[in-house]
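Commentary on secondary and tertiary structure
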Amino acid sequence: MLKKFLPNEHVQRVLDITPAKLRDMGIKGVITDLDNTLVGWNVKDATPEVIEWFKEMKDNDIKVTIISNNDEERVSVFSEPLEAPYVYSARKPLVRAFNRTAKQMGLPKEEIVVIGDQLLTDVLGGNFAGYHTILVVPIVETDGKITRFNRMIERRILNWMRRKGMITWEEK
């Protein structure tokens, strides 16, 4: 069961994921988390670097949809200026939002990656739904109340995986 928490990949930040890398993997779609994946959970708007990342993806015909457990206001205020489709109140790690997003993209699971900063929501949900998952380091070290609880559980899972030799990356 704990293997469902294991991401397929780990990168420092979402900006390290390039269209060329995705193309080499046969990826045409990205389902990404918002808070602490694209920007800090307490940051309202996209940074210039994130705006450029979305532009690069679009220019390379890679579809990007934001899915978040946050409310509509939070997600729409961030997503609409980017002209990015979004799903709010996604109830991750439940698979429904992931699969609905893939259907809206018109792509099979094999051509989509799920990117996020949390094992308990993004990676677990993406893995249960059958997608390639990429874990990113959270942008900021602070979190909302529920996420702080999740991080405590995540640390235990990551430590167990590290002891078992299942992960080799080091957090910076």
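Read on for an overview of the structure. (Residues numbered from 1 in each chain as written. Predicted model: local features only at pLDDT ≥ 70, side-chain atom pairs only at ≥ 80, totals over all residues. Heavy atoms only, no water.)

Quick notes on the environment of D59
If you trace the backbone, D59 turns up in helix α2 (residues 48-59). Taking the C-alpha atoms as reference points, D59 and G40, separated by 19 residues in sequence, lie 25 Å from one another. (Helix = DSSP H or I, 4+ residues; strand = E, 2+ residues; numbered from the N terminus.)

With respect to the pairing of strand β5 (residues 112-116)
Within β5, five of the five residues are buried, leaving the element largely enclosed by the surrounding structure. Here β5 shows two buried faces, one formed by I112, V114 and G116 and the other by V113 and I115. Summarising the sheet, strand β2 (residues 29-32) and β5 pair through four bridges and their orientation is parallel. Residue pairing for β5: G29 is matched across the bridge by I112. (Buried < 20%, exposed > 50% of the residue type's maximum accessible area, 1.4 Å probe, protein only. Pairing = 2+ DSSP bridges.)

Here's the deal with the sheet that holds strand β1 (residues 9-11)
The sheet built from six strands is open, its strands ordered β1-β6-β5-β2-β3-β4 with parallel pairing. What marks the edges here is a single partner per strand, and that holds for β1 and β4 (86-87). With two bridges joining them, strand β3 (residues 63-67) and β4 adopt parallel strand pairing. The partner of I66 across the bridge, within β4, is Y86. This element, helix α4 (residues 96-105), spans β2, β3, β4 and β5 of the sheet and lies at about 150 degrees to β3. (Contact = heavy atoms within 4.5 Å. Axes fitted to C-alpha atoms, helices over the stretch in contact; angles between N-to-C directions.)

Looking at a nonpolar patch on the surface
Together, F149, M152 and I153 make up a nonpolar patch on the protein surface, roughly 260 Å² of accessible area in all. Here M152 shows up in helix α6 (residues 145-163). The partly exposed category is assigned to M152, whose relative accessible area is 40%. (Patch = residues over 30% accessible without salt bridge, like charges linked within 9 Å, V, L, I, M, F, W, Y side chains within 5 Å. Areas by Shrake-Rupley, 256 points an atom, 1.4 Å probe, with all protein chains shown as cover. Salt bridge = Lys/Arg side-chain N within 4 Å of Asp/Glu carboxyl O.)

Looking at the environment of Q118
Of note, Q118 is situated in the loop between β5 and α5 (119-129). Owing to a relative accessible area of 9%, Q118 belongs among the buried residues under this scheme. Q118 sits 29 residues away from T147 along the chain, and the two C-alpha atoms are 8.6 Å apart. Apart from the residues within four sequence positions on either side, Q118 is in contact with V123, L135, T147, N150, R151 and E154.

A word on the side chain of T101
Considering the arrangement of structural elements, one finds T101 in helix α4. Leave out the neighbours within four places in its chain, and T101 touches I31, T65, I67 and V87.

Observations concerning the packing of aromatic side chains
Under the counting rule described, the total for this entry stands at two aromatic pairs. For the ring pair W53 and F54, a centre distance of 5.4 Å and an interplane angle of 80 degrees mean the geometry is edge-to-face. Taking 6.5 Å as the distance between ring centres and 40 degrees as the angle between the ring planes, the aromatic pair formed by F98 and Y131 counts as tilted. In this pair, F98 is assigned in helix α4 and Y131 in the loop between α5 and β6 (132-136), connecting sequence segments 33 residues apart. Exposure class is identical for F98 and Y131. Each is buried. Here K109 stacks its cationic end above the ring of Y131, 5.7 Å away from the centre of that ring. (Phe/Tyr/Trp six-rings, centres within 6.5 Å; stacked < 30°, edge-to-face > 60°. Lys NZ or Arg CZ within 6 Å of the ring centre and 35° of its normal.)

All we've got here are geometric facts, nothing functional implied.
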